[in-house]
Amino acid sequence: MFVFRKRWSKLSVKFSVCLLTSILVPVGIIFFAITSAYGDLVKTEVRLNTEKNLTYCWRKTEDIFSGMVTISTIINNDVNFMGALKSDSLSYYKKYVIFNRLIQTIYLQNFGLDEDTKIFLIDWQNNVYCNLPFDKSIFGTYELWIPQQNRGQLCWNFENEEADGTRIFTMSRGLYNNNVLSDLIGNLSISIREEQLSSVLEEYVDLKNDCIFLYLGEKDFITGFCKNGMEPSVVFNESINAMNANSSQSFIDEIFGHKYLVNNYTIKSIIDFEGRKLNMIVLSDYQRIFGKVETQMRYLAIILCAMYIVVLCIGLYIPRKIVKPIQKLDHAVRNFKIGDPPINCDGAKNDEVGSLYRGFHHMSESVNTLFKNLKEETIIKENYRYETLRAQINPHFLFNTLSSIKLSAKLIHADNIVENIEALSKMLRYSMSKEENMVAFSREIENVQNYLQIQNTRFGNNIILDLDENIGQFANFRILKFILQPIIENSVLHGFKNYTENGIIFISCHVEEGCFFICVQDNGKGVSDEKLKNWQHVTANSPRKFNGLGLGAIQKIIQVTNGPSYGIQIESKPYEGTLVTYKLPIIKE
């Protein structure tokens, strides 16, 4: 008897209940399931093994009946004998001689029948033909045995007896002139002794209490064999009664004070037994089959009880051993605060609980470090925001100042300065506008035109912007803001650097495969192959940028916004020019 401590934690109680339930209950269910199902499993296995072992017995039985049918077919189809049989001019002696020759031919072919097989025939003149000595007193029995309604068909009789009381099994058929049913010229009967079939069954039965029976239809007994010496027909009738009571093909029942496993089989025969099926019943000694099984089940029950006791002890001890360090860790987790020193895990064991201790130690260190870094980042961002606000210029003040400069330039008729200030004002408004990142394609083109107007003043009006004639069709297409100007700036500052001829920048657009393509081409100095291969390494931190956008940044912005299948592609040849192609999704206003 176990003494339970009163002061158990809730977790330990749950742990114990879960442990005991998860082990004892399934094991108990499995044991009772095995106990209930094992018998059926053994019955099924015995039935299958018996069926396999009976294959030889079935074949021998089938061969015997098939031999009887084959002999009758040979006699019926023998033209010489059938012609002699219907003749009224041949003597009985000559007909008998022809019959004996036919019988000798049949013996040579060996159809699985023994020498006691009797072939008996009565012709239309009441002449008797037989391969063995016969008793004249049973002529009438053979002559009248075939019922009128079955003429032309095979008839089976398993209840005939010889004069000495020996049971015989007879197959009979009518012989007809040219197979005309109205012209009967003889009755043929082929008989075998019961021993020929029972000896086949006896070969299968090898234990003293086993029995085997052969029968037709529901309960028409043919023959059987009992190793214990009991009368087969009596045991068969009792087996049929047990089958009717159990309504199963395999069951356990007590017959004449002895327990048997009863199996009933239907033989798939090619022979027609007047519409009845050929069946076989096998009685197997129950003690031989299930005696060892029951002993093993008793041993299994003893082992199961011992296992229950062991598991119960373990289920009470393990929770207390495991839960105590977990409770300690739970207390440390609940009381942990940011800035507290990590829990000491020097004495933690090298198991799952020790891993939890070490994990919480690392986690507490990481949390303290994270909050320290977060605090530092917050201070830096606040300082950066403060400095940004200080350096920010009021847009209204900037535009008012530009308007004053523009007015002064007009007064002195400096038209070039007026145009440049106008272009610069438009660029600043476009840059400082609070609209979304996506703008109309026409707005981006206008911004490029303003940029080139300012640059032409700087470089002497030698840069020409050539727009394709169909570019107006795509004016309402929406694209990302400031993705064209960095490419134009790259052409102006690098492509046309120290360039003596007029620089031409040609912009065209087209739609293909559901995508919007923008082509920007110049006739500048181009880019070397080495620089062209490494263009994607240009990052947003490159000095070659405008309004905070470099060449690599444009690629990243397009792919982050629209997906990795979109972006820019650069083709260039030294001293021939550069072609930049934008691949964008189609987005309309």
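The structure we're discussing is the one just above.
Residues numbered from 1 in each chain as written. Predicted model: local features only at pLDDT ≥ 70, side-chain atom pairs only at ≥ 80, totals over all residues. Heavy atoms only, no water.

A positive phi angle is found at asparagine 126, which is not glycine, with a value near 65 degrees. Tracing the sequence through the fold places asparagine 126 in the loop between strand S1 (118-123) and strand S2 (128-130). Here glutamate 513, not a glycine, exhibits a phi torsion of approximately 50 degrees, which is positive. On the secondary structure map, glutamate 513 appears in the loop between strand S14 (503-512) and strand S15 (515-522). (Helix = DSSP H or I, 4+ residues; strand = E, 2+ residues; numbered from the N terminus.)

Below, the discussion takes up empty space enclosed by the protein. The gaps left among the atoms become clear once a water-sized probe is rolled over them. The tally for this structure, following the rule as stated, stands at 1 cavity of 30 Å³ or more. Empty space within the largest cavity amounts to approximately 30 Å³. Mapped onto the lining of the largest cavity, the elements with two or more residues apiece are strand S13 (478-480) and strand S19 (577-585). At 3 residues, the largest contribution of residues to the lining of the largest cavity is made by S13. (1 Å grid on protein atoms, 1.4 Å probe; cavity = no way out; pocket = protein on both sides within 12 Å on 5 of 7 lines; lining within 4 Å. Points joined across faces, edges and corners; volume = space filled by probe spheres on them.)

Of all hydrophobic cores here, the largest spans 51 residues; its most connected members are Phe65, Ile75, Trp156, Leu214 and Met280. If one sorts the elements of this core by residue count, helix H1 (residues 10-77) sits on top with 9 residues. Within the second largest apolar cluster, 36 residues are counted, among which are Met438, Tyr451, Ile505 and Leu584. (Core = buried A, V, L, I, M, F, W, Y, C linked by side-chain atoms within 4.5 Å. Buried < 20%, exposed > 50% of the residue type's maximum accessible area, 1.4 Å probe, protein only.)

Okay, the side chain of threonine 117 next. Among the structural elements, threonine 117 can be located in the loop between helix H3 (92-109) and S1. Once you skip the residues sitting within four places of it in the chain, threonine 117 turns out to touch Tyr107, Asn131, Leu132, Ile190, Ser191, Ile192 and Gln196. (Contact = heavy atoms within 4.5 Å.)

Secondary-structure assignment places serine 269 in the loop between strand S9 (258-267) and strand S10 (278-285). When the C-alpha positions of serine 269 and arginine 59 are compared, they lie 9.5 Å apart, and in sequence the two are 210 residues distant.

Next up on the list: the sheet that holds S10. Taken in spatial order, the 5 strands of this open sheet run S7-S6-S10-S9-S8, and their pairing is antiparallel. The outermost strands of the open sheet, each flanked by one partner alone, are strand S7 (220-226) and strand S8 (250-255). Geometrically, the sheet is characterised by an average inter-axis angle of 25 degrees between neighbouring strands, direction not taken into account. Summarising the sheet, strand S6 (residues 211-216) and S7 pair through 6 bridges and their orientation is antiparallel. Opposite phenylalanine 213, over in S7, you have glycine 224 as the bridge partner. Across the sheet, helix H5 (residues 194-204) lies against S6, S7 and S10, angled at about 50 degrees from S7, the strand it touches most. (Pairing = 2+ DSSP bridges. Axes fitted to C-alpha atoms, helices over the stretch in contact; angles between N-to-C directions.)

Along helix H2 (residues 79-86), the residues classified as buried are Phe81, Met82, Ala84 and Leu85. With its buried residues spanning 160 degrees around the axis, H2 presents them on a single face. The exposed set on the far side of H2, more than 90 degrees from its buried face, consists of Val79 and Asn80. Its side-chain oxygen at 3.3 Å from the backbone nitrogen of asparagine 80, aspartate 78 defines the N-terminal cap of H2. (Arc of directions from axis to C-beta. Polar contact = N/O pair within 3.5 Å; in protein donor to acceptor, adjacent residues only side chain to side chain.)

On the surface, Ile338, Leu370, Phe371 and Leu374 cluster together to form a nonpolar patch covering roughly 400 Å² of accessible area. Assignment of secondary structure puts leucine 370 in helix H8 (residues 352-391). In this structure leucine 370 comes out as exposed when scored by relative accessible area, which is 54%. (Patch = residues over 30% accessible without salt bridge, like charges linked within 9 Å, V, L, I, M, F, W, Y side chains within 5 Å. Areas by Shrake-Rupley, 256 points an atom, 1.4 Å probe, with all protein chains shown as cover. Salt bridge = Lys/Arg side-chain N within 4 Å of Asp/Glu carboxyl O.)

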